[in-house]
Amino acid sequence: MQLLSPRNVRLLSRGRSELFAGGSGGGPRVRSLISPPLSSSSPGRALSSVSATRRGLPKEKMTENGVSSRAKVLTIDTMNPTVKKVEYAVRGPIVQRAMELEKELSEVLNERSLCLHIFISKPFAEVIKANIGDAHAMGQQPITFFRQVLALCSYPELLNDSTFPEDAKSRARRILQSCGGNSMGSYSASQGIDSVRHDVARYIKRRDDGVPCDPDNIYLTTGASDGIVTMLKLLVCGEGATRTGIMISIPQYPLYSAALAELGAVQINYYLNEQKCWSLDISELQRSLDEARQHCNPRALCIINPGNPTGQVQSRQCIEDVIRFAAKERLFLMADEVYQDNVYAEGCQFHSFKKVLFEMGPEYSNTVELVSFHSTSKCYMGECGFRGGYMEIINLDSEVKAQLTKLVSVRLCPPVPGQALMDLVVNPPQPGEPSHEKFIKERTTTLCALAEKAKLTEQVLNTVQGISCNPVQGAMYSFPCITIPEKAIKEATDNGQKPDMFYCMKLLEETGICLVPGSGFGQRDGTYHFRMTILPPKDKLKILLTKVKEFHQKFTQQYS
């Protein structure tokens, strides 16, 4: 059986080549099963149609019987131009290539009775994806109590099953009684199930040591992302020099830059201080704001705490300084707090913006506009696929709040299973209930494992000459700085690639490790980074870190 090269496999996957199972002496021909080869019989027609499209003219198409067909209404030239500006690095080109490699490692072609197995020589046996914070995909186990209640809610007949604990059954009955027709398949109120919003409010009050929380200020969302985009929609207005500007940290989570691009808002970058463990400096906020006011209307300041992709945990003093800055400059505060349970470093503690705001007194708590976000996707839960979350609004204008409620009603309601899961997160098993002990054990095990892997990642990466990694104080990622030799930078530039993309793509091709280049999150000019999750199981994380270490040493030697 003939061994095919990786290049031929890639050509095959694109459906643009004919491969031969036999050698130069002939053998059975195997035509691509995906699509026929591109015709070269009419190059002039192809060129003219492309040219016409670029000129905004309809592209002529012919049906099989020779009759011209109507040009498409929606083309790349006539689509919404802001959508084309959207980029999302954590699922970008490098991830697409990782998926191709996975297929190449296991590809089997069948054509009629001919079965052609394609064996590809790779220096790795699997692709390890460390590009996204998808905990369960990386092997993290779900919390038993959460899944038991969701199973009971999804199939109420199980309420008669004696294998389920009574507290899980009681919680499931309460959730179902709050659903239309006692079914999780019904729509909820657009703002979310009323009982769940009350549970969220009670959770926030406990978390914030008694600071009041009004359930009417709670909006359940489709993950935190949905709430963030919704609030940005309310904020963005104006044209030209009056166009809304939104301040976001650099490095940032690409949701923000993508949403701002889609909404046509102005992205205002402020840089975190890498030399001080990615801390936030008020002087940098001021510099960024002053420059932005020359060409747009800055209206909001976004903070991610604990940080993504940088893993820092902001101090209470820093949060107070940010609140004072927002009050002085009349900025709307957006606090992304989805990693609030993910704090690992000694001496670090999560402080909610809402709690600090109210403890600063009425001068701030009665005036500063704040929205904070939480999610079921991160922390110890890792339930990304259920798309559960909430946002709490503080000091929002009453007329704007009415518009917010109208806006969320357009999408009817967040996923009800996600709302149910959010209810369990904010109202877990209590002491004395049958599931409490197991819940605490599972929660503690997950968070301790993450803390251990955070420390391991920092320690191993800092043993590599040319890699510098700040402590992973919280969240689920490290964002180390890498030194890329000038020869590699030149080769990347010549190939039309950013140097860290070039680095990460070679890492993927040679080791099967999928990381995200720092350029996808933003970084200071002249610096290069990558983001990797700490989520893989410890044994696999060790393999990943060893491969990264060996690759960097080899890469540096090759291009020095």
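Our structure's up above, just so we're on the same page.
Residues numbered from 1 in each chain as written. Predicted model: local features only at pLDDT ≥ 70, side-chain atom pairs only at ≥ 80, totals over all residues. Heavy atoms only, no water.

J.: Can you lay out the overall build of the chain for me, pointing to particular residues and giving the numbers?
T.: Helix and strand counts for the chain stand at 19 helices and 20 strands. Sorting the 560 residues of the chain into buried and exposed places 51% on the buried side. The contacts in the chain between residues at least 6 apart in sequence include a share of 69% that link residues at least 24 apart. As displayed, the chain has an accessible area near 26600 Å², and 51% of this comes from carbon and sulfur atoms. (Helix = DSSP H or I, 4+ residues; strand = E, 2+ residues; numbered from the N terminus. Buried < 20%, exposed > 50% of the residue type's maximum accessible area, 1.4 Å probe, protein only. Contact = heavy atoms within 4.5 Å. Areas by Shrake-Rupley, 256 points an atom, 1.4 Å probe, with all protein chains shown as cover.)

J.: Residue-level account of unusual backbone geometry, with values.
T.: Following Asn305, the chain continues into Pro306 via a peptide bond in cis, with omega recorded as -10 degrees. Position of Pro306 relative to the elements: it lies in the loop between strand E11 (297-304) and helix H11 (316-329). Pro309 follows Asn308 through a cis peptide bond whose omega is 15 degrees. Residues other than glycine seldom take positive phi values, yet Asp209 does so here, at roughly 55 degrees. As for its placement among the helices and strands, Asp209 is situated in the loop between helix H7 (194-207) and strand E8 (218-221). What makes Asp209 exposed here is its relative accessible area of 61%. Residue Arg330 is not a glycine yet carries a positive backbone phi of 55 degrees.

J.: Got a sec to walk through the side chain of Asn308? Specific residues and values, please.
T.: Mapped onto the secondary structure, Asn308 falls in the loop between E11 and H11. In this structure Asn308 comes out as buried when scored by relative accessible area, which is 4%. Engagement of the side chain of Asn308 in a polar contact is seen with the side chain of Tyr339, the distance being 3.4 Å. For Asn308, the side chain forms a polar contact with the side chain of Arg531, separated by 2.9 Å. Asn308 has contacts with Gln252, Tyr253, Tyr339, Tyr477 and Arg531, leaving out every residue within four places of it along the chain. (Polar contact = N/O pair within 3.5 Å; in protein donor to acceptor, adjacent residues only side chain to side chain.)

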